Structures are given as structure tokens and as C-alpha cells.
Amino acid sequence: MKSITTRSRDAAASPTGSIAVGYTRAQRLLLLLTLGSILTACGGGGGSSQPATQTDAVATALSSSLDDLVVAPTFNLQATFTLTVDIELDQNTRGYFSLCDPYDQSKSPVSVNFESCLLRGPLVAGQLKESLQVANHVRELMAVIWFYDGSDPIYQRWQQASADTAQELRIN
Amino acid sequence: MALMVGVTDVASAIEPFATCPSQAFIIQTPASTPVAYGVDLGTGSYATLSSDMGINASINGAGFSFIDNHLYGWDYQHQTLGIIGNDYRITPLDVTKDTASVNAGNFFVGDVAVNENAWYGYRKNHGLFRVDLDINSYPMTRVPGSQSFANINITDFAFHPDNGYIYAVTNGNNGQLLKIDPSSGQYEQLGTVITATSGGFTFGAQFFDPQGNLYLSNNGTGVIYRVHVDSVSPVAEIFSYGPSSSSNDGARCALAEVPVGDKVDFGDAPESYATLMADNGARHTIVDGFALGALVDNEADGYPAPLSDDASDGIDDDDGVSFPTGFEVGEDAVLLVTVTGSGYLNGWIDWNQDGTFDAHDQAITALPVSEGTRTVTVSVPSWATAGGTWARFRLSSVANIVPTGGVSDGEVEDYPLSITETGVTVSYYPSSSTFTTIAYEDLYPDKGDFDMNDVVINLRIATYSKDNRVRRVGFTVQLAAMGAGYHNGFAIQLPGIARSNVQEAAIDWSIQGITQSTSPLEDGQSNAVVVFTSDLWQHVSGGTGCYYFRAEPGCGSNYRPTWEMVVPFNNPITMDQMPRLPFDPFIFATPNSARGLSANQAVGGNPGRQLEIHLKNKPPTDLFSPAFFGAGDDASSVGQSQYFQDSNGMAWAIEVPDTWKHPIENQRLDYVYPEFVGFAADPTGDTNPDWYLTPDNSKIFVD
């Protein structure tokens, strides 16, 4: 009973739409009955939604799917990496650091969306050090140091290094 | 209707105006001949309607007749009342004057009544006069007894749309609102509605809208003020910036609404800053080639945050001002301002976060700006309050304007800003413009169907630190979807941060922009836990024909319930003691709400607050019942610090570090995002690291 409930949910979501392959007639009947409740209650609620569990028999029916997926108990599934920011300029320099995306280098001055940043802060004695957690899909960012004395800002593009290398942004 | 016109026999040629037009007519005599302007009161935009009104002298005391849809005004050339048709040419009427009317001479104060077919004029020291427009001889008589009240200094008056009285605001340094009885000329003083700081007022054009708002055009500046005459303590507020003139007269159909206009730009700051038309919000008529930045959008009304159209329509037209430095208390801040065209820039920053742009908030005053990008430096006052606030920038050809009301050109752009103490660094996870997404299955401790949309939360975390110690954290939370009927609350635990280290009284939080007074810091916890809501369903409904919120096809909505919260610490926390991002966002069963069989069996009844669902391997809070460990499909191992995973290591909640496109109802995660399985199977995280970007587009929810 429980296994059919799960399989039917999977089948309902299957792109093939072949919902009853490999089932007995009794199972098909149960399957149709349970589909009714799926349509009205996918998550909790409704009072009638019964829990679903998997069985080995069903799990082997598909490969490369949640049915046969085993995740390492210690893998928390987070899709981020650590980016180390290390800015070290002349200690008398008063500047403000931003690390942002998107940006447009084809413009002059470089157009940076300062409303879309991972890090913003003043240089203290010319320095700023920070460790950031960054989403895996972020491939590049624009670092800007804006100076209050009117001198030209520093723009430096950061690009994600290969996976096995430490990710860092260094300006000095 | 038949009109008897004595001086010229062109009655049949006088075509009426369209029925009760909404624009205001202003007749000015800049040189020797009168000119008619049409004014959009909403923004002050105006256009010349005619510079050939048929005479070479002033026309004054004009009024619009709701009865026959003509303008009437005093013709200084023929020294009589004239009728004006839709060609704006005046035709003098053969008025039969009594002796007092003859002695009174010309009139510059006048209007047409609404409840009767008559024109009324006022002359100081002479009294109130009436021309009956129903009788062919147009008899003009002085209202009996009115001479004794004829001591007021006014240059126009206007009939109220429905109560029969005439209203006017007097000239000079103190504008007095008067209510005049047309049957006697007797007036009542309703109080001073405006006081001049320099110079005096001459309100040469005054007119009403159907709500009883009296509009006053000040001759010298062209500023149009608005007074609600029926309020207990009426005051004149700046409504828009119209044409100025030394000779000014106005007429308007008092029964026509004041429309917003066709091409108007509004701001998007929260309502308290005056963004909506109803609040006399900042607005500009859109003029080609004159804008902040490159883009300006056309709106029927303001969209106050958090429902800003910049977020909801995906087009951010607020592109004129950017902030290459932060706003640190007592320090300079640099703005980059980009202008198309040239004009004047005014800017306000709500330094003390009181929800309004006050005079002391004006950071930029009448700054001349021209085509291109330039820097503008502003000083953050020492009394500014650290935290989130709003700024408003207005570009226009009028140099000195206020943060509200209409202007006939340019653009308004509103920006949320963050003010910090000196030396504070802010890091944003995942960034200051995006969200990470926490997607939950809520059948715990039983496995669900893995469509990962029972509860979908968008979360942004700001971490404020100084000298490498975290002073406070800020959360922006949006409910993105709810594909479940169960009732769940949402909270964030700060692992390793003691509840006692939170400055509970200083927590600042809001729901949909409305500040909350109750403390969100949960009792009975050793770690700090902040509760955003104990029932997410209190904040949304599925909508017509929809069981759920943004989960089923065709059940889209631009609405996102939004929470903002800043949690300050008593003792700043060193970086190495901070919990890993995104901390520990979790859902819990709403107390006294129904739950499934396994959940009930585990704790012997409705679990309520005892049932929590966390990201994989995040330990629950003190209020969680350990009875759920091992119940149903739960395969947690407390000894190995493994939580909220089943026997295959699969989680009840996953984090996607992006504003995720979640699966539609009943579509399982691995079918919607085929790369997920490969990612999850490799504990290094290096396989398909951005699996969440490549969905089967037919299976994701779209609004």
C-alpha cells in the first residue's frame, strides 16, 4: 500500500505519463484511488493525505532519480563556496569597497549596480578582509574601491577559479 | 439652449465645451491680450489653448458653467460679462446693470454658480454682484447688504461643488480661508491655511474638485496649492507647479475629478513618504529627453514599497542615482547621478527614519545638473540613525520643489538605503539584490512527494560588522510559494548565539512595511530564535480556483508577503563564532493545527510547536520534540550530528542560493531539475554545482 502510493506520485510526475507499467490490477486500482488525493493535497493538509514511503522494489525501477539516490549523511546539499577578500592599500588611503554584480565594463565609468552587492564597507587603515559565502553559479564579480579624494576608482574583476583552487580576491 | 447675445449676433456660432472638462482653465494677460491655458492640476503641466481670445484687454473673473458648458468671464474691453465657447473667443453679453453694478466698474473676482444659472462677481468696497444667466436681458444686481462685507482682499473665488457656498483664500502673508454666502455676501473665516516665509501670496486662480478640495494658483510662482475646505483644520499643501503670471485667473468645472494624467511618473517609497496620488505623492509629467538616468516609466499611480513596480515588472527604471560609497554616520557619501537633459536636482534622505521627508532631510537643493554622469557628495549628519531608510531624488526644470506633489517635467526616483555607523562593513548573502531559497517538504516525519514547494521561502541575510565583529544581522524574508494545506510557522535559529546576547528591545521588524511592536525572540530557547510568523497561511490565500499559493499552474501572483528584521547583539560576535550562512531557517507546525498520523503518533497528539523541519544536519531548537528522531522516515543520528535526513540521506528541506524557480505542484524535484541527482550523489559538491539553474521549463512555476 505504501509503496504504491509513492510510486504513483512519481508516476504522476513522470514525463512519460505511463503510470501503471508493471503493476497488478489491484495495484492499478489503488493507484487511481490515491491519485485523487494527490491532486488536492500534494504537501500536508486536507486531513486525508497519508504519508508516503519508498520500498526497494520501487526504488530500483528508475535510475539516476530520487528513487535510487543515496546522499552521504554528512553532505548538507549546500551549493556555495567560500571567497576570501583581502584588500591592502596604503594605510592613509580613505576608500570604500564594494563587490557587486551585475556590471558593465564597456561603459565609462564602468557601470556597476551598487544595489546588488555581496560586500560593502570602508577601508580601515587601507585594509579590508572578509570571508564570504557565495552561490556556486556566481562566476564573476566586480570589485570597486571608490576614493573620497576624487582620485580614480579602482575596478578589478574577480573570476571564479577552478573548483579545486581556493577562491580569493586580492587587491594590494 | 438659446443664448441672447446683444453686441454681436453670433449666438449660434458659440459652440460649448465638452461636458464638464477635467482640466483647469487659466486665463492670463502676459502683455495686452489674454491667453488661455489648459492646466493639468495633477502635475501642473499646461498647454496654451488660445492666444487669440478676440479682445485686446484682460478677461478676468472667469467661471465654468456646469449648466451650459461655456466659460463666462469679465471682458475688460467691453466692460461687461462675456461668454466663451470652445474656440476660446469671448463674445460680450448685453448685460442690464443696476446702478451699483455700473458704479462697480470691472471685475477680476468671479465664478459661475453650480446650483443655479448665475455668475457672481466681487468688488472690494462695492459688494457681491449677480448676473442671472437664465434671463435674456442678463440682469446684473448687487446682492442686498453685501457692500457691508466687501472688505476682503481676494483675486478670485470658487463655488463649492455641492454646498452652494463660495470659498476663497485671501492674499497677503497669511492666507485666510473664507466661506461666503452668495445670498448675502456675508463671510465666515475658517482659519489661516498658509503663511508666507517671504513675499506674499496672490491667489489669482481658485477652483474646486468634486471632493471639496480648493486649488489655489499663486500668481508669482505658479505653485498650485490644495486645501480641503471641509476639514476641521484646513491647511494648504503644495500640490503641483503650474504657470506663473502677474495677471492670473482660473475657471474649472467643479464637478470634474482631477485626473492623474496620461504620461506621469510616480515614486515607489513606502506610503508614509507620500507616494500615492491620494497622498499627493511625488509625480512628474514625462517629457521626452528629460529624465534621471535613461529610463522613466508611465504609471497610473504610485506603487509604494514593498510592492514597487521596479521589483514586480522586472524593469528597474530607477537608474539615475547610484551609490559607490556607503552612508556612514557623520561621514561624506558619494552619489553618482546620471541625467538625460538638464535641469535641477533635489534630494531627500530620511536620516532619522521617521517615515517622512522633512525639511532637515533635504540633502540636495536645486543643484543644476546637465546631460551625463557626475558625482554629488552629501554629508551624513551626526544625528542620522543607523539602519534602513529611504531616499527620494527629483529632477525637474523647477529649481525649488518639495518632496511631494506634481511637477510638469522630469522624474522622481526613490531608493532604499542603509545607513551604518562609521567603519561598518555589510556582507549580503547571497547578495543585496537576490535571495537564497529554502524549500521545504512538510509531511515530516514522513517523506513527501519531493516537489519541494510545500513551503518556499526567499531569504536574504545582511551581516553588519565592525573590526571583524558582528554587531547585528538583518533578514529579508519573502514567502514565495506554499503548496500545502498544513499550517506552518517560519523562524530562524542562530546556532551558537545565546538568546541572552540579543538586544531584544532593539529588534526592529516589520511585516509588509508595518512595524511590529511584539518581540519576535522566542521564549524557552537557549539559542536565539526569531519567529516571523506562527502561521504562514495568515499572510496569503490561494486565490480564485487555487488551493495553494503560487504552486499550481495558473495560480500566479506578484504578491509576496515580506518580513524585514534586524537583530542586534549585546556583545559583538567574532567572525569565527558566527554560525554558517544561512544560519538555521526552519518551519514548524502551527500550534493547534491538524497534522498527519505519524506526526501525531510520535508525540501522542497534535504536535504544534514541537514539530520542526530544518535543513539537513541543522540541529533543532529546544522546543523540538526528540520523539520525532527515528519516527516515520526520519533517520537522524543525534550522536553523529546528523539531522532531518531519511535513510537515503535525503533531506526535508534544501537550500538553493538563488531566487529559485520552484517546481509546480506534483512535479518531483529530479524531474524538474534533472541535474540535482548528480549533485546530491557527490559529497564533494563538485558535480553539477549549479544544478538549480537548469530546470525543465515546462515544470517550473511561472506567474
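Right above here is the structure, for reference.
Quick caveat, the model's predicted, so the values are computed rather than measured.

## Regarding the overall build of chain B
Thinking step 1. When helices and strands are tallied, chain B shows 5 helices and 45 strands.
Thinking step 2. Scaling as 2.2 N^0.38, a compact globule of 703 residues should have a C-alpha radius of gyration of about 27 Å, whereas chain B reaches 33 Å, well beyond that.
Thinking step 3. Principal-axis analysis of the C-alpha atoms gives chain B an extent of 110 × 55 × 45 Å.
Thinking step 4. Evaluated residue by residue, chain B yields a buried proportion of 61% over its 703 residues.
Thinking step 5. Long-range pairs, those at least 24 residues apart, make up 63% of the contacts in chain B with a sequence separation of at least 6.
Thinking step 6. Carbon and sulfur atoms make up 48% of the accessible area of chain B, which totals about 24,900 Å².
Thinking step 7. Taking the 31 positively charged and 82 negatively charged side chains of chain B as two groups, their mean positions are separated by 4 Å.

## Here we look at the state of the cysteines
Thinking step 1. With the rule as written, the count across this model stands at 3 disulfides over all chains.
Thinking step 2. Cys100 of chain A shares a disulfide with Cys117 of chain A; S-S distance 2.1 Å. Measuring handedness by torsion sign, the sulfur bridge of Cys100 of chain A and Cys117 of chain A sits at about 85 degrees and is right-handed. Placement of the pair is Cys100 of chain A in strand S2 (residues 95–100) and Cys117 of chain A in strand S5 (residues 117–122), with a sequence separation of 17 residues.
Thinking step 3. On the accessibility criterion, Cys100 of chain A (0% relative accessible area) is buried.
Thinking step 4. What pairs with Cys546 of chain B in a disulfide is Cys555 of chain B, and their sulfur atoms sit 2.0 Å apart. Across the S-S bond of Cys546 of chain B and Cys555 of chain B the torsion is about -95 degrees, and the bridge reads as left-handed.
Thinking step 5. Overall, Cys546 of chain B belongs to the buried group, its relative accessible area being 17%.
Thinking step 6. Accessibility expressed as a relative area gives 7% for Cys555 of chain B, which makes it buried.
Thinking step 7. Listing the disulfide partners of chain B by sequence rank of the bonded cysteines yields 1-2, 3-4.

## A short note on the sheet that holds strand S28 (residues 343–349) of chain B
Residues and elements named next belong to chain B.
Thinking step 1. The strand order across the open sheet built from 5 strands is S26-S33-S31-S28-S29, with neighbouring strands paired in mixed fashion. Edge positions in the open sheet fall to strand S26 (327–328) and strand S29 (362–369), since each of these has one partner strand only.
Thinking step 2. Here S28 runs beside S29; their pairing, made up of 5 bridges, is antiparallel. Counted as the bridge partner of Tyr344 is Pro368 from S29.

## Side note on the interface of chain B and chain A
Thinking step 1. Contacts between the two partners involve 85 residues from chain B and, on the opposite side, 60 residues from chain A.
Thinking step 2. In total, chain B and chain A occlude about 6,000 Å² of area from one another, counting both sides; carbon and sulfur atoms represent 55% of this.
Thinking step 3. The interface formed by chain B and chain A contains 3 salt bridges.
Thinking step 4. For Arg94 of chain A, the salt bridge goes to Glu331 of chain B, with nearest N and O atoms at 3.3 Å.
Thinking step 5. If you look at where chain B meets chain A, you find 25 residue pairs in polar contact (both at pLDDT 80 or more).
Thinking step 6. Going through the elements one at a time, strand S27 (332–340), strand S33 (411–420), strand S34 (425–429), helix H3 (597–603), strand S45 (653–656), helix H4 (669–672) and helix H5 (676–681) of chain B are the ones with two or more residues in the side of chain B that touches chain A.
Thinking step 7. Tallied by class, residues from the side of chain B that touches chain A come to 37 nonpolar, 25 polar and 23 charged.

## Digging into the pairing of strand S7 (residues 140–147) of chain A
Residue and element names in this part refer to chain A.
Thinking step 1. Of all 8 residues in S7, 7 are buried; the element is thus mostly enclosed.
Thinking step 2. Where S2 lies against S7, 6 bridges are found, and the strand directions are antiparallel. Across the sheet, Phe97 pairs through a bridge with Ile145, a residue of S7.
Thinking step 3. Relative to strand S8 (residues 154–159), S7 runs antiparallel, the two being bridged by 6 bridges. When the sheet's bridge partners are listed, Glu140 is paired in S8 with Gln159.
Thinking step 4. Hairpin connection from S7 to S8: 6 residues lie between these consecutive antiparallel strands, with Gly150 at a positive phi of about 90 degrees.

Definitions and limits used
- Residues numbered from 1 in each chain as written.
- Chains lettered and ligands numbered in written order.
- Predicted model: local features only at pLDDT ≥ 70, side-chain atom pairs only at ≥ 80, totals over all residues.
- Heavy atoms only, no water.
- Helix = DSSP H or I, 4+ residues; strand = E, 2+ residues; numbered from the N terminus.
- Rg over C-alpha atoms; globule rule 2.2 N^0.38 Å.
- Buried < 20%, exposed > 50% of the residue type's maximum accessible area, 1.4 Å probe, protein only.
- Contact = heavy atoms within 4.5 Å.
- Areas by Shrake-Rupley, 256 points an atom, 1.4 Å probe, with all protein chains shown as cover.
- Lys, Arg positive; Asp, Glu negative; His and termini not counted.
- Charge placed at Lys NZ, Arg CZ, Asp CG, Glu CD.
- Disulfide = S-S within 2.5 Å.
- Pairing = 2+ DSSP bridges.
- Buried area = accessible area lost by both parts, 1.4 Å probe.
- Salt bridge = Lys/Arg side-chain N within 4 Å of Asp/Glu carboxyl O.
- Polar contact = N/O pair within 3.5 Å; in protein donor to acceptor, adjacent residues only side chain to side chain.
- Nonpolar A, V, L, I, M, F, W, Y, C, P; charged D, E, K, R; others polar.

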